[in-house]
Amino acid sequence: MSSSNKKPRSPAYLRFRRRLITGLFLMASLAIAVVVSQFHASYVERKLAVRSQTEHYVKAMEAHVIYSIQSVDLSLIGFANAIKVLPARQSRSPDTMSDLLSSRGSNFNGDYWISFIDPKGNAVASSTGANILGTSYADRDYFQAHVNNSIKGKLFIGEPAMGKNSKKRLFFLSRRVETAKGEFLGVVVAPINVDRYVKVFENSRFTSDVSITLVHGGGKVIARVPNFEQAFARDLGPTALFDNVRNASSGTYKTVSIIDGLTRIFSYRVIDELPLIIVVGSNDSESTRLLQQNYLTAGGGLAVLLLLMAGAGHFFLRTYSKQEEREHRYRTLYNASREMEQQLLANEEERKKNEESMKLATLLFQNSGECMMVTDAAGQILTVNPAFSVLSGYTEKELVGHRAYELASGRNDQEFFDRIFECVTRSGHWKGELWQRSKHGEEYLVSMVINTVYDEQANPFRYVALLSDITKKKASEELIWRQANFDALTGLPNRRMFHEHLRQEMKKTDRSHLPMALVFVDLDYFKEINDTLGHDKGDLLLKEVAARLSSCVRSTDTVARLGGDEFTVILSELRNASDVVRTAQEILKKMSTPFDLGENVAQISSSIGITLYPEDAADAETLIKNADQAMYAAKQQGRNRFNYFAPFMQEATHVRMNLVSELREAVARDQLRILYQPIIALASGAIVKAEALVRWQHPVRGLLNPAEFITVAESSGMIIGIGDWVFRQAAREAQKLQAISTPAFQVSVNKSAWQFRDDGSNYQEWLDFLQELQLNPNSIIIEVTENLLLETASNNSDRTLAFQHAHMQISLDDFGSGHCSIAFLKRFDVDYLKIDPVFVSNLIEGGDGLLICEAIIAMAHKLGIKVIAEGIETPQQLAILTAAGCDFGQGYLLSKPISGEELEKQLQKQCAPVYK
């Protein structure tokens, strides 16, 4: 019955209802989608804000870390350069190194200190004064890196570790110390207390859900807040951080922290050229909570909305005529509420961003290691940050209200400040260097950047100045430049600066068409001064030489030290050729004047080579070679003179170089020969001795005398090997000759001065060889010159006296041609004197030659020394010497140099005196 009473629905009503239901369903779905989309967009924006915040943190912390690393590295560079120029003995002295390191220790705070480690990895000294001597750091990664030189002289940052002595949490900055020749002297290392970064990171956080971490490139944590104790030296290599680092040097990712188990959005950045990574994380739990809350709110709102829509639909069905008006009002209200909601959300986000930006700006201003100052448009100081107060010594209260230019030192004049003001007014920016004076009166150099802040009308409103103290950096750069370009001992330009000056003067000559002279000065007998008086006196002599050379030239000329006792002088733009001769003569005069070295007086001379540009050469290398060849020719001519370059010198040098090469092949190919010149006992006429003489059987030039190649052998160093070879050959021959004649037969061997200078007296090896042959050492006579004996007496007489201790006899060759005194003859216990052939050749009865020979023989016999006359070529000379009581003789009259086989035959048939 009831169903039959219902009013049937018309098709139009049914269509309207279907459309209404469909429309309501679509509207509900759209509302749900819009709300969900809006809250999801809000969540995404929240995450983007967190990401932006962490990226700002990363950049701020990176700036602080880079500044601190650069400050410590500047100290390392300064100490490395200071240690480099120390003598080797001082660099190994703990006291010297401790004084050096602690001399600037007051500049360090407790954040780091400086230690020096020797080439074996043992600690020498520390700037803290702690006793770390002998502590081994050879196992540290930074020491291994510098020993292997794998980083080629760059700064090395080691992994964090506990200090062996300090027991503090540290990480290490270090630099290799080496000599100018690249020899490894050790390592300067700066252990940095990690607590300094922990404090800065902690002060930088303005919310507790932010984490800041400094990670070493090897994976270990250096510093982290929060949970520092738990995180220190923790290996993050296997974590998502290094998975991202391998793909890009900076970025953002989300993960669960292995330190505290919290989910965070992390931003990281690998510091350029340093094995360090800054990581900042922000906990996104707040974003998740807001999303869940918004979803609940949206769900409730949507439920209410659906109820309203259902009621509205019912109402529409009842009052179809008012449907559109009610729907319009509803949509209008909905849209207005949506716009208001979006506006409120946008305003809140903007407020939060502005608040975070202000906090970050304040954080950077207060904690930045770079000095900052803000002034008004008139230049009055409004505020400064703590770093500026530390640098200047003034507190913020003492500076506010004063003019910024009042901090400048007197080095900057008014014109300088006018240029700054003009530049800032024109471009709104200025960058440069400025000298300032601290509160305590100390001047310091800063690098300054000034930027202008404009108001809405584009008028200057504020000036912001950023300052960095570069005083030490400038001083270090100046020191490095001087060390690279000037000789540390004399203060003259070194080889590098000399080459630069030479090229510049050559260009000047090309422009002015006025010739230039290059003068090469080499000191004569300087090595003897070093050996007799010591290297300290030698250094003092070089300083005086530099001063005298500088006084010989014009202010426009250049005096340089190439190294050792070699100096050069560049005489530029010569208008008169006689100026070169005058300068050379002045140098010779001043170099030959005695040098007062305190309690000692040194007497030297100089050999000078001169070449002209562009007459003698077109390039610097050839010019230098020409001057060197001219100097060498001056030495060959007797020293203490100057010589101009001539083209034939190049040919002579070329011949000499070929001779050196051929001599090396001669030794290897067994082209050297030994000849023996018999020495006759004048009383009996018997052959009792022989002098071993080396010859070179040249494949092209034939048999060469020693005069043609010994000088080359000495200068090339081959004389040591040749001398040893001659000794062994002579010893073997002496063994044969004694077997033929008597055990008293002796062979004399010439000893080169170069063998003494180069410590070539291998007498112990010679004794071992004589023992191997079972030959008495008295069988060998060592033959030396007067000059060698004088030099040996001045230097190290032990080298010569060792031969007497070994029971070898000494023969003094060419006696009378030098300045050897009787005291030297007694001191070195000389066994034989050989009269110089010049005196023998002048033997005439009643002449000076006879008187000199008789005097030498008489003196020698009084001293218990036997006399050998060499160069006997006539029977008259032989008769005179025999009558004068000379003991032995040798010369072409008696026998020319012969082979060992020929000498053996003569001894076998020796029955009567050879001249009777």
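Residues numbered from 1 in each chain as written. Predicted model: local features only at pLDDT ≥ 70, side-chain atom pairs only at ≥ 80, totals over all residues. Heavy atoms only, no water.

Chemist: Help me out: how do you make sense of the pattern of salt bridges in this one?
Modeler: Opposite charge on two side chains allows them to pair when their charged atoms are near. Counted under the stated rule, the structure contains 25 salt bridges. As a salt-bridge pair, Glu-178 and Arg-176 come within 2.8 Å of each other at their nearest N and O atoms. One salt bridge in this structure joins Glu-870 and Lys-834, with 3.7 Å as the shortest N-O distance. Taken together, the residues span a long stretch of sequence, with Glu-870 in strand β31 (residues 866-870) and Lys-834 in strand β30 (residues 832-835) at a distance of 36 residues. There is no split in this pair, since Glu-870 and Lys-834 are both buried. A single salt-bridge network, built from bridges that share partners, covers Glu-691, Glu-783, Lys-834 and Glu-870. (Salt bridge = Lys/Arg side-chain N within 4 Å of Asp/Glu carboxyl O. Helix = DSSP H or I, 4+ residues; strand = E, 2+ residues; numbered from the N terminus. Buried < 20%, exposed > 50% of the residue type's maximum accessible area, 1.4 Å probe, protein only.)

Chemist: Teacher, can you tell me more about the packing of aromatic side chains here?
Modeler: One pair of aromatic rings is described through two measures. These are the centre distance and the angle between the planes. Under the counting rule described, the total for this entry stands at 12 aromatic pairs. Relative to Tyr-197, the ring of Phe-171 has its centre 5.9 Å away and its plane inclined at 50 degrees; by these criteria the two rings are tilted. Taken together, the residues span a long stretch of sequence, with Phe-171 in strand β5 (residues 169-178) and Tyr-197 in helix α6 (residues 195-204) at a distance of 26 residues. In terms of burial, Phe-171 and Tyr-197 fall into one category: buried. (Phe/Tyr/Trp six-rings, centres within 6.5 Å; stacked < 30°, edge-to-face > 60°.)

Chemist: Sorry, what's going on with the sheet that holds strand β15 (residues 443-454) here?
Modeler: Hydrogen bonds between backbone atoms are what pair the strands of a sheet, whose relative direction is either parallel or antiparallel. The strand order β13-β12-β16-β15-β14 describes an open sheet built from 5 strands, whose pairing is antiparallel. Of all the strands in the sheet, just β13 (381-384) and β14 (429-437) have a single pairing partner and so form its edges. Direction aside, the axes of adjacent strands within the sheet are offset by 25 degrees on average. Of the pairings in the sheet, the one linking strand β12 (residues 371-376) to strand β16 (residues 460-469) comprises 6 bridges and is antiparallel in character. Each residue of the ladder has a partner; that of Met-372, found in β16, is Leu-466. Sheet strands touched by helix α13 (residues 414-427): β14, β15 and β16. Its angle to β14, the strand with the most contacts, is close to 150 degrees. (Pairing = 2+ DSSP bridges. Axes fitted to C-alpha atoms, helices over the stretch in contact; angles between N-to-C directions. Contact = heavy atoms within 4.5 Å.)

Chemist: Help me understand the side chain of Thr-213, please; the structure alone is not making it clear to me.
Modeler: Inspection of the secondary structure assignment puts Thr-213 in strand β7 (residues 210-216). Under the relative-accessibility criterion, Thr-213 is labelled buried at 6%. Apart from residues lying up to four places away in sequence, Thr-213 is in contact with Phe-201, Val-221, Ala-223, Arg-224, Ile-277, Ile-278 and Val-279.

Chemist: Even after reading the chapter, I still don't get unusual backbone geometry, so can you show me in this structure?
Modeler: With glycine set apart, most residues show a phi of negative sign, and most peptide bonds adopt trans. Omega for the peptide link from Val-225 to Pro-226 comes to 0 degrees, which places this bond in the cis form. Positionally, Pro-226 belongs in the loop between β8 (221-225) and α7 (228-231).

Chemist: It is not clear to me how the pairing of strand β25 (residues 687-698) should be interpreted in this structure. Could you clarify?
Modeler: The side chains of a regular strand alternate, residue by residue, between the two faces of the sheet. The buried count for β25 comes to 10 of 12 residues, which makes it a mostly enclosed element. Note that strand β24 (residues 672-681) and β25 share 9 bridges and pair antiparallel. Residue pairing for β25: Leu-675 is matched across the bridge by Leu-693. Between the antiparallel neighbours β24 and β25 lie 5 residues, among them Gly-685 with a positive phi of about 80 degrees.

Chemist: When you look at the environment of Phe-201 in this model, what are you seeing that I'm missing?
Modeler: Looking at where Phe-201 falls in the secondary structure, it is placed in helix α6. Classification of Phe-201 by relative accessible area gives buried; the value is 0%. Considered as a pair, Phe-201 and Leu-214 are 13 residues apart in the sequence and their alpha carbons are 9.5 Å apart. The contact partners of Phe-201, leaving out residues within four places of it in the chain, are Met-61, Ile-212, Thr-213, Leu-214, Ala-223 and Val-225.

Chemist: Got a minute to help me understand helix α17 (residues 535-551) in this structure?
Modeler: Owing to its 3.6 residues per turn, the α-helix aligns residues three or four sequence positions apart on the same side. Compared with the 24 Å implied by 1.5 Å per residue over 17 residues, the 24 Å span of α17 between its first and last C-alpha is a close match. Among the residues of α17, those classed as buried are Lys-537, Gly-538, Leu-541, Leu-542, Val-545, Ala-546, Arg-548 and Leu-549. (Expected span 1.5 Å × (residues − 1).)

Chemist: Honestly, the side chain of Asn-494 in this entry has me stumped. Any pointers?
Modeler: Looking at the secondary structure, you find Asn-494 in the loop between α14 (471-485) and α15 (495-512). A polar contact of 3.0 Å, which involves the side chain of Asn-494, links it to the backbone nitrogen of Met-497. (Polar contact = N/O pair within 3.5 Å; in protein donor to acceptor, adjacent residues only side chain to side chain.)

Chemist: Even after reading the chapter, I still don't get the pairing of strand β6 (residues 184-193), so can you show me in this structure?
Modeler: The element β6 is largely enclosed, with a buried count of 9 among its 10 residues. Pairing of strand β1 (residues 115-117) with β6, which is carried by 3 bridges, proceeds in the antiparallel orientation. For Phe-116, the partnering residue across the bridge sits in β6 and is Val-188. Between β5 and β6, which pair antiparallel and follow one another directly, the connecting turn spans 5 residues, one of which, Gly-182, has a positive phi of 90 degrees.

Chemist: What is the right way to look at the packing of helix α22 (residues 719-740) against helix α31 (residues 900-908) in this model?
Modeler: Angle between the axes and distance between the axes are the two parameters that describe a pair of packed helices. Axis separation between α22 and α31 bottoms out at 9 Å; the angle between their running directions is 15 degrees. Between α22 and α31, the angle is such that the two are roughly parallel. Classified by chirality, the crossing of α31 by α22 is right-handed. Every residue of α31 that contacts α22 at Glu-733, Lys-736, Leu-737 and Ile-740 is listed here: Gly-900, Leu-903, Glu-904, Leu-907 and Gln-908. When the residues that make up the contact of α22 with α31 are grouped by side-chain class, the tally is 4 nonpolar, 2 polar and 3 charged. (Parallel < 35°, antiparallel > 145°, perpendicular 65-115°, else oblique. Left-handed = near helix turned anticlockwise from the far one by under 90°. Nonpolar A, V, L, I, M, F, W, Y, C, P; charged D, E, K, R; others polar.)

Chemist: Hey, could you run me through the sheet that holds strand β10 (residues 263-270) in this one?
Modeler: Across the sheet, which stays open at both edges, the 5 strands sit in the order β8-β7-β11-β10-β9 with antiparallel pairing between neighbours. Taken across any chain shown, the strands that pair with only one partner, and hence form the sheet edges, are β8 and β9 (250-256). Adjacent strand axes in the sheet meet at a mean angle of 20 degrees, parallel and antiparallel pairs treated alike. For β10 and strand β11 (residues 276-283), the ladder comprises 7 bridges, and the chain directions are antiparallel. Residue pairing across strands places Ser-267 opposite Val-280, the latter belonging to β11. Where α6 meets the sheet, it contacts β7 and β8, and its direction lies at approximately 30 degrees from that of β8.

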